Every structure is written in structure tokens, then in C-alpha cells.
Amino acid sequence: FQRADSLALPFADASFDGVVTGYGIRNCGGFRHLFAEAWRVLKPGGFFAALEMVKPDHPLWRPLFLQGLLLSCSFFGWLWHRQPRSYGYLASSIALFVTGPELAQALRDAGFIAVENDPRFLGAVSLLLGRKPETVVNEVFHGVSTSCP
């Protein structure tokens, strides 16, 4: 394993068959740039897979989920660390994030195809899948031009 900045990976273009992340998108500081960077290091035909907590898109479930998460995370932060804020940030960071369908659209906007958003826990968790097309020539993403053989 190698530790690296997900927004500036120290790998050559088209280096990997797959990019996988678990709960690594929401707090990265720019998920659209992360998608562009994943695109850059993926070989043509490579896959992207992510599991991420997202803002539920159902208007009745969203406040219930976020309030329940805040209370439970604060309780366990206090119980385990005597610091309620240890996990309390989760609810607020999710409230400021996008929904699963919006995250999937951002992946499509980055050029990925066969994008799937498989919502879990009534849309509070998203299993996101996408694939880089087999043939890619001079695509432009977020002001960064990339070209893969």
C-alpha cells in the first residue's frame, strides 16, 4: 500500500484496472476532482467503485436519518472516547453533501459510462459503480485535458 493524496495521485496515466474507495469521497475536498483523478489513473475499460454515505433524497427520511445519526454518533463518541464530537461531525458533513443520484450524475459528467447508483439504507448509503470507456481520445475534464491510448 502507498499513502497518497486522492486528488493528486503519484501514478502515471492509465496505470490501474480499478479504483475502489470506501467512505473516501465525502471528505476529500472535491469529489469532482477525485473522479477526474480516478479517470486519469484508470486504464481504458477500468472500473470505479465506491461506497459512500450520502444525503438521503427522500424529504421525510432525510431529517430523521440525520437527527438519528447525530444522536447515535454523539452517544457512541461519548461512550467510547468521552468526546461526543468524535463522530458527531458525520451528520453535518452528510447534510452538506450530495444525494446518491447527484453523485452518480457527477461520475457520468466525469466521463464514466455504465454508471450505477445502488442505494442502501433508504438512500443514506450509495454503492456507486462506473467504467471508463474502452476508447478514450483527448477528453477534457474540469479544465484538465487527458489522453489515453
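Residues numbered from 1 in each chain as written. Predicted model: local features only at pLDDT ≥ 70, side-chain atom pairs only at ≥ 80, totals over all residues. Heavy atoms only, no water.

### Considerations on the overall build of the chain
Argument step 1. Check the secondary structure of the chain and you find four helices and six strands.
Argument step 2. Shown N-terminal to C-terminal, the secondary structure of the chain runs as helices and strands in the order β-α-β-α-α-α-β-β-β-β.
Argument step 3. Dimensions of the chain along its principal axes, counting C-alpha atoms only, are 50 × 35 × 25 Å.
Argument step 4. Buried positions account for 40% of the 149 residues belonging to the chain.
Argument step 5. Residue pairs at least 24 apart in sequence account for 66% of intrachain contacts in the chain once pairs closer than 6 positions are excluded.
Argument step 6. Surface exposure of the chain reaches about 8500 Å², of which carbon and sulfur atoms provide 60%.
Argument step 7. Here the chain contributes 13 positive and 12 negative side-chain charges, whose respective centroids are spaced 9 Å apart. (Helix = DSSP H or I, 4+ residues; strand = E, 2+ residues; numbered from the N terminus. Buried < 20%, exposed > 50% of the residue type's maximum accessible area, 1.4 Å probe, protein only. Contact = heavy atoms within 4.5 Å. Areas by Shrake-Rupley, 256 points an atom, 1.4 Å probe, with all protein chains shown as cover. Lys, Arg positive; Asp, Glu negative; His and termini not counted. Charge placed at Lys NZ, Arg CZ, Asp CG, Glu CD.)

### Examining unusual backbone geometry
Argument step 1. The phi angle at Y23 is positive, at roughly 55°, despite the residue not being glycine.
Argument step 2. Looking at the element boundaries, Y23 is found in the loop between β1 (16–22) and α1 (31–41).
Argument step 3. In this structure, L122 takes a positive phi of about 55° despite not being glycine.
Argument step 4. Mapped onto the fold, L122 is located in the loop between β3 (113–120) and β4 (125–131).
Argument step 5. Judged by its relative accessible area of 62%, L122 is exposed.

### Here we look at a nonpolar patch on the surface
Argument step 1. Together, F75, F76, W78, L79 and W80 give the surface a local cluster of nonpolar side chains, amounting to about 530 Å² of exposed area.
Argument step 2. Looking at the secondary structure, you find W80 in helix α2 (residues 61–81). (Patch = residues over 30% accessible without salt bridge, like charges linked within 9 Å, V, L, I, M, F, W, Y side chains within 5 Å. Salt bridge = Lys/Arg side-chain N within 4 Å of Asp/Glu carboxyl O.)

### Some words on the environment of L70
Argument step 1. Secondary-structure assignment places L70 in helix α2.
Argument step 2. Residues L70 and S92, 22 residues apart in the sequence, show an inter-C-alpha distance of 7.9 Å.
Argument step 3. Residues within four places of L70 in sequence aside, it is in contact with G88 and A91.

### A look at the nonpolar core
Soluble, globular proteins show a tendency: their nonpolar side chains are buried together.
Argument step 1. Core analysis: the largest hydrophobic core is formed by 24 residues, its most contacted members being I25, F31, F35, F48, L103, F112 and L128.
Argument step 2. Among the elements of the structure, α1, β2 (42–53) and α4 (100–109) are those that each provide at least two residues to this core.
Argument step 3. With six residues, the top contributor of residues to this core is α1.
Argument step 4. Apart from the residues within four sequence positions on either side, F35 is in contact with I25, F48, L103, A106, L107, A110, F112 and L128. (Core = buried A, V, L, I, M, F, W, Y, C linked by side-chain atoms within 4.5 Å.)

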